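Here are the chains, one letter per residue:
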Amino acid sequence: MDKPRFYFLNGGKTAELDFANLGFDYLRCPYRFEAVFEHGIWRTRGVVEDNVMHLPEGSQALHYGQELFEGMKVQTGSDGKVYAFRPLENARRMNDGARYIQGPPVPEDLFIRGIEEVTLANLPYVPPYGSGAALYVRPFYLGVGDNVGVKPAKSYVFRIFVTPVGPYFKGGFGPDQGKRFRVSEHDRAAPQGTGHIKAGGNYAASFIAGHEAKGHGYAEALYLDPAEHTYIEEIGAANFLGLKGKTLVTPESHSILPSIVRRSIMEIAEKLFKWPTETRKIPLAELDALDAAACCGTAAVLVWVQEIVGKDKSWVFPFDERWQKLYDELVGIQTAARPDPFGWRYEIQG
Ligand SMILES: Cc1ncc(COP(=O)(O)O)c(C=O)c1O
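Remember, it's a predicted structure, so these values are computed and weren't measured experimentally.

**Thoughts on the pattern of salt bridges**
- Scanning the entire structure with this criterion turns up 21 salt bridges.
- Put simply, Lys 81 and Glu 347 hold a salt bridge, and the shortest N to O gap is 3.5 Å. One end of the pair, Lys 81, is in the loop between strand S6 (72–76) and strand S7 (82–85); the other, Glu 347, is in strand S19 (residues 345–349), with 266 residues separating them in the sequence.
- Across the pair Lys 244 and Glu 286 runs a salt bridge whose closest N-O atoms are separated by 2.9 Å. Highlighted residues: Lys 244 in strand S13 (residues 238–244) and Glu 286 in the loop between strand S15 (277–280) and strand S16 (292–297), separated in sequence by 42 residues.
- Residue classification places Lys 244 among the partly exposed positions, given a relative accessible area of 31%.
- Several salt bridges share partner residues, and in doing so they unite Glu 89, Arg 92, Glu 108 and Arg 263 into one network.

**Some thoughts on the domain arrangement of the chain**
- Partitioning the chain into structural domains gives domain 1 (6–165) and domain 2 (179–334).
- Here the C-alpha centroids of domain 1 and domain 2 sit 26 Å apart.
- Facing 20 residues of domain 1, the contacting portion of domain 2 comprises 22 residues.
- A combined buried area of about 1700 Å² lies between domain 1 and domain 2, and 61% of that area is made up of carbon and sulfur atoms.
- Across the contact surface, domain 1 and domain 2 share one salt bridge.

**What to know about the site of the ligand**
- Near the ligand there are 15 residues, and of these Arg 93, Tyr 203, Glu 234, Ser 259 and Thr 298 occur at the shortest range.
- Alone, the ligand offers 380 Å² of accessible surface; in the complex the protein occludes 97% of this.
- The cavity where the ligand resides is the largest pocket.
- Listing elements by their share of the shell around the ligand, those giving two or more residues are S13 and helix H6 (260–272).
- Considering only residue class, the shell around the ligand consists of six nonpolar, five polar and four charged.

**Some thoughts on the packing of aromatic side chains**
- Scanning all chains against the criterion turns up 18 aromatic pairs.
- Between Trp 304 and Phe 319, the aromatic rings sit 5.4 Å apart at their centres with planes inclined by 75°, giving edge-to-face as the arrangement. Of the two residues, Trp 304 is situated in strand S17 (residues 301–309) and Phe 319 in the loop between strand S18 (314–316) and helix H7 (321–334); the sequence distance between them amounts to 15 residues. Each member of the pair, Trp 304 together with Phe 319, is buried.
- In textbook terms, an aromatic cluster arises when at least three aromatic residues are bridged by ring pairs, as seen for Phe 24, Tyr 136, Tyr 168, Phe 169 and Phe 181.
- Its guanidinium or amino end placed over the ring of Tyr 231, Lys 281 lies 4.7 Å from that ring's centre, counting from NZ or CZ.
- Seen from the ring of Phe 273, Lys 325 lies directly overhead, with NZ or CZ sitting 4.2 Å from the centre.

Each value, and the rule that gives it
Residues numbered from 1 in each chain as written. Predicted model: local features only at pLDDT ≥ 70, side-chain atom pairs only at ≥ 80, totals over all residues. Heavy atoms only, no water. Salt bridge = Lys/Arg side-chain N within 4 Å of Asp/Glu carboxyl O. Helix = DSSP H or I, 4+ residues; strand = E, 2+ residues; numbered from the N terminus. Buried < 20%, exposed > 50% of the residue type's maximum accessible area, 1.4 Å probe, protein only. Domains from an automatic or database assignment. Contact = heavy atoms within 4.5 Å. Buried area = accessible area lost by both parts, 1.4 Å probe. Near = heavy atom within 4 Å. Areas by Shrake-Rupley, 256 points an atom, 1.4 Å probe, with all protein chains shown as cover. 1 Å grid on protein atoms, 1.4 Å probe; cavity = no way out; pocket = protein on both sides within 12 Å on 5 of 7 lines; lining within 4 Å. Sits in = over half its atoms within 2 Å of the grid points. Nonpolar A, V, L, I, M, F, W, Y, C, P; charged D, E, K, R; others polar. Phe/Tyr/Trp six-rings, centres within 6.5 Å; stacked < 30°, edge-to-face > 60°. Lys NZ or Arg CZ within 6 Å of the ring centre and 35° of its normal.

In structure tokens form, the structure reads like this:
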């Protein structure tokens, strides 16, 4: 497959595309996919070129945050095929969000068709196997219309853009890549609010915590539960994992995003490796008793948490070989370097 020598930067400038040295940045690819919901039906516009959207100024997405997004990776497999990872789970999570923000669901077949079409249209931008990079796919959903009242929109835009990306946390995964995190005093979501859906407003609410953490030299903020500030929630845009003796533990909470990667890792641990697993509340104070910590998500993949710094206390964790085992299995399944016993790979191009 021919790979492009150039990508387009905003402003019409071009620069060379170096798959092995990408950060997690927006690089404008030539095509995006769009569908519009009007008068009660979804109409597919298909693949379009314009990366600038023209929206009514009264749109609910702009004023009241009636917006959802998703994130997934498409990767070239060791067999040269192009795969998405569990895209139906992203469709379902987006539709859980649509129910909550009172918009129409995106039909699952429309969602999947969009992923396929936008990937195929931008195929030269899918990084090659072994580059460590992936095509990040960003489906999103906006309530639009001529409106000023606080109420859900009647019309919606569903769009998907793609961009090739490298590691989310600089350096990615490895025994020499420990990351440090800072316990935040801020909450990203309310106890019975929108933390469990991928609504844009949750992320605006997290910027202050991220800014403070990074300003103090940490990779990201660690959130505590918004009701009591006692239990671990998640880390930036990644869910938390801990090893306690033989058991892999991860937090249970209504206000964290149910990570598809976390669910996959828990299933790999439980069903393939036969490790004991627990999904339950984890008090911050229980960090004293954990042997290792990590965080995971589509963008982050799996990251070794080397240190967590709280208000009056900090915790240091060694690299644990079990993180390597989980990472290798997850990425192996995603990239067809290993068998796919769960049927998680979704072939886009054979
Ligand atoms: C707040 C938050 N937590 C966790 C995750 C990880 O979820 P997933 O594994 O589905 O990417 C994400 C990213 O989607 C996120 O935004």
